[in-house]
Each structure stands twice: as structure tokens, then as C-alpha cells.
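A look at the structure
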Amino acid sequence: FTTDSRSAVSEADVVVFSAPISKMESVIKQVGPFINPNAVVADVCSIKWFVTDALKKYSASKLIIPTHPMFGPYVTSIAEQIFVLTPDESVKNTTQYKWFKNYLIENWAKVIETTPTYHDKMMAVVQWLTHINMFTIGDTLRRLNIPVEETLQFVSPIYKLLISSVARYVWHDPKLYWDIQMYNPQVLVVHKKFMEVINDFSQAVETKNEDKFIELIQATKDFFGEKNCEFGQKY
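What comes next is a walk through the structure.

Reading guide: rules and limits
Residues numbered from 1 in each chain as written. Predicted model: local features only at pLDDT ≥ 70, side-chain atom pairs only at ≥ 80, totals over all residues. Heavy atoms only, no water. Helix = DSSP H or I, 4+ residues; strand = E, 2+ residues; numbered from the N terminus. Buried < 20%, exposed > 50% of the residue type's maximum accessible area, 1.4 Å probe, protein only. Contact = heavy atoms within 4.5 Å. Areas by Shrake-Rupley, 256 points an atom, 1.4 Å probe, with all protein chains shown as cover. Lys, Arg positive; Asp, Glu negative; His and termini not counted. Charge placed at Lys NZ, Arg CZ, Asp CG, Glu CD. Right-handed = clockwise from strand over helix to strand, strands pointing away. Salt bridge = Lys/Arg side-chain N within 4 Å of Asp/Glu carboxyl O. Expected span 1.5 Å × (residues − 1). Phe/Tyr/Trp six-rings, centres within 6.5 Å; stacked < 30°, edge-to-face > 60°. Lys NZ or Arg CZ within 6 Å of the ring centre and 35° of its normal. Patch = residues over 30% accessible without salt bridge, like charges linked within 9 Å, V, L, I, M, F, W, Y side chains within 5 Å.

Moving on, we come to the overall build of the protein chain. A count of helices and strands for the protein chain gives 11 helices and five strands. When the backbone C-alpha atoms are referred to their principal axes, the protein chain occupies close to 65 × 40 × 35 Å. Expressed as a percentage of its 235 residues, the buried residues of the protein chain come to 30%. Put simply, of all contacts in the protein chain between residues at least 6 apart along the chain, 63% involve residues at least 24 apart. Carbon and sulfur atoms make up 59% of the accessible area of the protein chain, which totals about 15800 Å². One way to put it: in the protein chain the 24 positive side-chain charges average out to a point 3 Å from where the 26 negative ones average out.

Glancing now at unusual backbone geometry. Here Glu-80, not a glycine, exhibits a phi torsion of approximately 70 degrees, which is positive. Mapping Glu-80 onto the fold places it in the loop between β3 (64–69) and β4 (82–85). Judged by its relative accessible area of 65%, Glu-80 falls in the exposed class. Phi at Trp-108 takes a positive value of approximately 70 degrees, unusual for a residue other than glycine.

Most of β3 sits out of view: six of its six residues are buried. Note that the unit made of strand β2 (residues 40–43), helix α3 (residues 49–58) and β3 has a crossover that is right-handed.

The full count for this structure, using the stated rule, is nine salt bridges. As a salt-bridge pair, Lys-92 and Glu-89 come within 3.1 Å of each other at their nearest N and O atoms. One end of the pair, Lys-92, and the other, Glu-89, are both in helix α4 (residues 89–92), three residues apart, so they sit about a helical turn from each other. On the accessibility criterion, Glu-89 (56% relative accessible area) is exposed.

Moving on to helix α5 (residues 95–106). With 12 residues, α5 ought to run about 16 Å at 1.5 Å a step, and its terminal C-alpha atoms sit 16 Å apart, in line with that. Directly after α5, the chain includes Trp-108, whose backbone phi takes a positive value near 70 degrees.

Attention now moves to the packing of aromatic side chains. Note on aromatic pairs: each is described by the distance of the centres and the angle between the planes. Summed over the entire model, instances satisfying the criterion amount to nine aromatic pairs. Where Phe-201 meets Phe-213, the ring centres are 5.6 Å apart and the plane angle is 85 degrees; that geometry is what we call edge-to-face. Pair noted here: Phe-201 is in helix α10 (residues 187–206) and Phe-213 is in helix α11 (residues 210–234), with a separation of 12 residues, a long-range link. Between Arg-168 and the ring centre of Tyr-169, over which it is positioned, the NZ or CZ distance is 5.4 Å.

This paragraph deals with a nonpolar patch on the surface. Taken together, Met-70, Tyr-118, Met-122, Val-125 and Val-126 make up a surface patch of nonpolar side chains, about 390 Å² in accessible area. Mapping Val-125 onto the fold places it in helix α6 (residues 116–144).

Turning our eyes to something else, we now look at the environment of Ala-79. Inspection of the secondary structure puts Ala-79 in the loop between β3 and β4. Judged by relative accessible area, which is 28%, Ala-79 ranks as partly exposed. For the pair Ala-79 and Ile-198, spaced 119 residues apart in sequence, the C-alpha to C-alpha distance is 38 Å. With residues near it in sequence (within four places) discarded, Ala-79 still touches Asn-107, Trp-108 and Ala-109.

The structure is reproduced here in C-alpha cells:
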């Protein structure tokens, strides 16, 4: 163990960057030039485009494997967990990358290979859309001044699951969620579309337009398709 990061990375065979999203680039810039040129360099950031660019720009080693483990530190096994890998094509052919990918697969992890841009596009949906739903539901209850405990007296299984999810998200550090919004430029595309959908449903109810309300839900049902709807009924 050492508190000298530059010394640590200069002697390491593998360097993994793990820091708050807002600090990632500055940390990479600070120690990247001192990395062993033959080292494997990775990160575990949930945003990939700017971190990947920083690694390419500042790392003395070009054997870079941008990585996003899609789970938290409470997980005790990587079996059935998703790892998103976004390396350059040239890195995919290296012995080190092939070993790492095979290690994950052999231990029953699910590996998704894609580009940093496509990863961030998916995260704008998977992360932001989830977060904004949780936060707006929770804040709506707060602004209505309806105690959560009272609503749970009238609970349905779906509502109970929903409230437990809201509580889980709002309990965590809000700075993490803020960083996810700020450092993924594709979030704004989802944000605008989300507000458009909310407005459409609100207008349908306000104008008592039953046909429009049903049309919106039916269009979503058709989009999801039978397979995804069956998945929803199961879980």
C-alpha cells in the first residue's frame, strides 16, 4: 500500500481508475503519464466517452480497457452480472484483453462489447430514466404532503415494490446522480422526450380525451410487444 499514486502506477501491471465521475479526468491527468507503458489500464466509471478520451490522452500505456460493471459493491459474485467493455478494435486483439474477457465469461459474467458512445446512449435510458422516475415519484409525495407510511396502508404489490425502489435511490448520495446527469450529454435527449410524454398524458387527462389516453398506452403496448409484456407480467 502507498499514498503516492504516481509511484504506484509506475510499478503496476494493472491500473484501475475508480473515482467520482466529476474527478475522473483530473485523476487520470495527474497520474496517467506515470503509468507503466506495458500496463493494462481500465476504469469502472458509469460514463464512458470522456473517461475513454482522457485515458487515451494522458495514459502512458495504450492498452486501455474501459469497463462498466453494472452492479454495486454489495454483489459477492460476478456470476450473472453484466460487464460492459468498450475497447478500441486494436485492443480486442491483445492477449491481455482476450484473457480478461475470457475470465469474465468463464466465471459466468455476461460481457457486452460496444462503443463508448453507444454505452452512454443506453445509460441515458437505463440510468437517467430510472432515476428521474424514482425522484419525481418521491418528490411528488413530498409536495402532496402525504406520508409514505399512510400510503402503504393501501398498498398493492406493485406500489410496494415501487416505493421500496424510490427509498433505495433517494437514500444514496445525490451527488452521484448529479454527476451522471452532467457528464452524459445524451441525457438531455431522453429528458426532453420524457417531458414531452408527461405533457401528452397530462393534457389527455385535463381535456378528458379518453381516446388519446388509450391511444398512448396502446402504442406503448405495441412497441413493447408480446414478449416484453409477458416478461413484465412474470416479474
